[in-house]
Structure formats: C-alpha cells, structure tokens
Amino acid sequence: MKNTIVIDCSENFYRVAVLEKGRLIEVIVEKKAGMSLVGNIYKGVVTNILPSHFVFVNIGECRNAFLFLDDNKEKGLSKLKRNQDITVQVTKDASGEKGAYLTTQLNFSGRYSVLVIQNGNEHFSAVSKKITHPEERLRLQTVADYVRHRGYSVILRTNCEGVAADVITDEIDRNIELYESIVKKADYVKAPQKLFYEENPLYKVVRDLLNRDTEAVVVNDEESFLDLKAYAGGIQPGTENLFVLYEEERNIFDRFNVNKQIEKALQKRIWLKSGAFLFIERTEALSVIDVNSGKFEGRADSEKSKFEVNKEAAEEIARQIRLRNLSGIILVDFIDMKSAEHKREIIEQMRTFTATDRMSVNIVGITELGFMEMTRKKGREPLQSILLEDCPKCGGSGTIGKF
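Residue positions are given per chain, counted from 1 along the sequence in the order it is written. Predicted model: local features are reported for residues with pLDDT of at least 70 only, side-chain atom pairs are reported and counted for 80 or more only, and whole-chain, interface and lining totals are derived from all residues. Hydrogens and water are ignored here; the side-chain numbers use all heavy atoms of the structure.

Undergrad: Could you give me a rundown of the overall build of the protein chain, with the residues and numbers involved?
TA: Scanning the protein chain from terminus to terminus reveals nine helices and 23 strands. In this setup the radius of gyration rests on C-alpha atoms only. A globule is expected at 2.2 Å times the number of residues raised to 0.38. In terms of overall dimensions, the protein chain is globule-like: its C-alpha atoms have a radius of gyration of 23 Å, near the 22 Å expected for 403 residues. For the protein chain, the spread of C-alpha atoms along the principal axes amounts to about 70 × 55 × 50 Å. Here the protein chain, with 403 residues, has 43% of them falling under the buried criterion. For the protein chain, the proportion of contacts with a sequence separation of at least 24, taken over those separated by at least 6, is 59%. Only DSSP runs of H or I reaching four residues or more are called helices, and only runs of E reaching two or more are called strands; each is numbered from the N terminus. Throughout this description, buried means an accessible area under 20% of the type-specific maximum (1.4 Å probe, protein chains only), exposed means over 50%, and partly exposed covers the range between. The criterion used for residue contact is that any of the two residues' heavy atoms lie within 4.5 Å.

Undergrad: Talk me through empty space enclosed by the protein; I want residue IDs and the actual numbers.
TA: Cavities and pockets were defined on a 1 Å grid built from protein atoms only: a cavity is a group of points that admits a 1.4 Å probe but offers it no way out, a pocket is an open group of points flanked by protein on both sides within 12 Å along at least five of seven lines, and a lining residue is one with an atom within 4 Å of any such point. Grid points are joined across faces, edges and corners, and a volume is the space filled by probe spheres set on the points. In the structure shown here, the tally under the stated rule is two cavities of 30 Å³ or more. Quantified by volume, the second largest cavity comes out at close to 40 Å³. Surrounding the second largest cavity, Ile5, Ile7, Val205, Val206, Leu210, Val217 and Phe243 form its lining. Elements with a minimum of two residues in the lining of the second largest cavity: β1 (3-9) and α3 (201-209). In this classification, the charged set is Asp, Glu, Lys and Arg, the nonpolar set is Ala, Val, Leu, Ile, Met, Phe, Trp, Tyr, Cys and Pro, and all remaining amino acids, among them Gly, are polar. Per-class residue counts for the lining of the second largest cavity are seven nonpolar, no polar and no charged.

Undergrad: So what's going on with the packing of aromatic side chains? Residues and values would help.
TA: For this analysis, a ring pair means two rings from Phe, Tyr or Trp (six-membered ring only for Trp) whose centres lie within 6.5 Å, classed as stacked if their planes differ by under 30 degrees, edge-to-face if by over 60, and tilted for the remaining angles. In this structure the tally under the stated criterion is nine aromatic pairs. Look at Phe108 and Phe196: their rings are 6.5 Å apart centre to centre, the planes differ by 55 degrees, and that puts the pair in the tilted class. A residue pair is termed long-range when its members are at least 10 positions apart, and Phe108 in strand β9 (residues 106-109) and Phe196 in strand β13 (residues 193-196) qualify at 88 residues. Under the relative-accessibility criterion, Phe108 is labelled buried at 3%. A residue is classified by how much of its surface remains accessible, and Phe196, at 22% relative accessible area, is partly exposed. Lysine NZ or arginine CZ positioned within 6 Å of the ring centre and within 35 degrees of the ring normal marks a charge as sitting over the ring. Lying over the aromatic face of Tyr197, Lys194 brings its terminal NZ or CZ to 4.6 Å of the ring centre. Lying over the aromatic face of Phe277, Arg269 brings its terminal NZ or CZ to 4.3 Å of the ring centre.

Undergrad: Provide a residue-level description of the sheet that holds strand β15 (residues 243-245), including the pertinent values.
TA: Between any two strands, at least two bridges found by DSSP are needed for them to pair. The five strands lie next to each other as β3-β2-β1-β14-β15, forming an open sheet whose pairing is mixed. If you trace the sheet from one side to the other, it starts and ends with β3 (23-31) and β15, each paired once. The average angle at which neighbouring strand axes cross in this sheet is 20 degrees, direction not considered. The strands that α3 touches are β1, β2 (13-20), β3, β14 (214-219) and β15; relative to β2, the one it contacts most, it runs at about 10 degrees. Geometry is summarised by axes, namely lines fitted to C-alpha atoms with helices restricted to the contacting stretch, and by angles between N-to-C directions that run from 0 to 180 degrees. Here helix α6 (residues 258-265) sits on the sheet in contact with β2 and β3, set at roughly 90 degrees to β3.

Next up, the structure:
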C-alpha cells in the first residue's frame, strides 16, 4: 500500500509520521537534546559484575549501562573482569532508574542489509522472511552466503527484493570498512569513549522507512530537506525525487491530519466503523486489547456478526500495536466465537495484517481462556511513554503531555 512520510523539524525535536491513504500507521519522535543512544558504539569499562550475570559498564554517559551475560549474543564473555575495556553497542535507551541496555554483538544497518559482528567464529547469513518468491530468495541467499564466507554475518532486508547483487554488496563493503575503522579507533582511544554515532537521527528514519511504496517524503525545514534528499540519493539513486519541501504556514502535522490521529492513539478506547470498539490497556508486563461490540447494529449473538466484527477489529489492532509501538506480550480478547474455522481465519488475518510491521510479530494462537496471544519485538519506547509523562498532581494515575 502506498505511503507518505511527513517530517516535522521543530526547534527541540523531530517528529516523523507514516501515512497510508491518510491513515496514520507509525510515529517516531526524536528529541534534539538527549537524542536516542540506540545504535551508538562505545569503548566502555566494566565497573561491576553481579552474580545474576548483569555486567555494569561505564560508557561515558550520565549513568552506567549494562549487558546480560546469559543472552545468547554474549557467548564467550564469562571471563570478563572489573576494569576491563569492552566494545559495546546500545540496544535500548535508559528508562526511569535503569541504564541503557548493551550488547557486544555489533550491528551495522544499511538500506538493504544488516552486517552483524559476533563473538566467536560462527557466522550466519539470512534473508528477510517477508521475501517469499523462491527464486528471489535463492538469489539473495547466494549473496548473503558470499558475505558469510568472507567471515561476516549478514541479514538481507526486505528492501533487497529486486535489487542488483553488486548494489547490495557495495553497501555491505561500506559497513565492513566502517567496522574496521571503529576497531582501529578502539585500539588507541582511552575508555570510556564513543566510537560511533549517527550525526543526524533522521538518516536512520529515511533508511528504515523509505521503500518502493513511498509516494512522497514531505519535510518542513529547508536545511533538513536538502540534507535528507542528498542522503537518500546517495544510498538509492532516484529516491531523492520523492522529497518535497513543505512551505505552507499551517503546521505540517495539522495539514496532514496527524495531530488528531495521534490524539486518538493516546486514548484507551478506539471506535470502529461498525460501532464496535477496542479498549487498549498497557501495563509493564503486557498489553491487553478487548474487542467490544459497542454500538454494532448487527445481531450481537449471531456467529456471523461476531466474526465480521472480529475481522474489522483484527485490522485495526494490527495498526494500533504498530502506531502505539506496543511490544512484548499482547493479549487480545476477541468477541467469543464458537466456530473453529472462524477462529483459524482470524488468526491468519492477524498474521496477514501484521506482516507489514517493521517489528517482528509472532501470533502464538488462542489460549485456553480464549485470548489471542502474540508477541512483538521491542524497539522504541511506546508512543504513550514518548508523548506523555505521569501527572505529579495525582501520583501517577493520570498523564500530561510532554510536548
């Protein structure tokens, strides 16, 4: 489905919205002060190792970060010692009292590939599961295997589909050169020290969001417009023509009806066209979504009516979990259906609707209690956490806007 990317550059932060036929499906917010550290690479110093296998590392930020030795990515780190230097990458920003999460497995993302630097001598190659054509998968697997035989691990992204092999390998070669330059820098700098970071956080946004379905990228700041246009043309010639400078006085998010849709996405109740509604509740442990027949005018006790409402709900749920950036365990309480065939169809529809999500979504199935269980890979903070903060007047039972 065709999409439009809208970028709002203000004095204090960047806001990015992805729209499909005018409907908001994703929002990214980056503060210019204290921007995300995710993806940054540091030469750190081990400050403490706990019996629980948590290793605290000084990376030069305001608080120590940590990595977890039991993680499969951290194989071979059992001999770590205090005051030892270690090269790490941030996988999750600090939150509340917790410092940033780290890994020693370095990832270098490009438009077409992710170069993975692992501990040990085992290497892997993989092609995005979203590329389904057998001949294309075989072609791309050959490219990925070539990189593996050179001594690197690599994942080829969905954007690789139909792209010439030399274009893909050129990008991988650039990331190998970047990795080698970081290794050299780490040899002579004193820890803690930042070894790599992306100067403009919008580069990653453009790299991740720009695809063959993108009709336009609308930017309301001339400097950012020129910078991003040049960057996009550099990583994929021709895409620079998609960029449009927004010069109207009206707020760009108002112009594209983004603000109103964000406001709705922060509410717990979401109405569907049929008159049914979703009730979405997020906790620290999991997210729960309840499907309610509400004002639905069909027969509430009809198996067919229940199925129709659940189908409509499934599509909106897939949109809402991406838009709100819900992650971890998600339980959906659909309107109870007796038909086993209808239950199977809802599961398959949910798989179809979540297939376009940039984060990996796994539909586990329907539990004995009748909940559909799914998991979604953790990425950025939930939209609610980014845009709202606990209200100091009511002890946290309410929230107030941050921006």
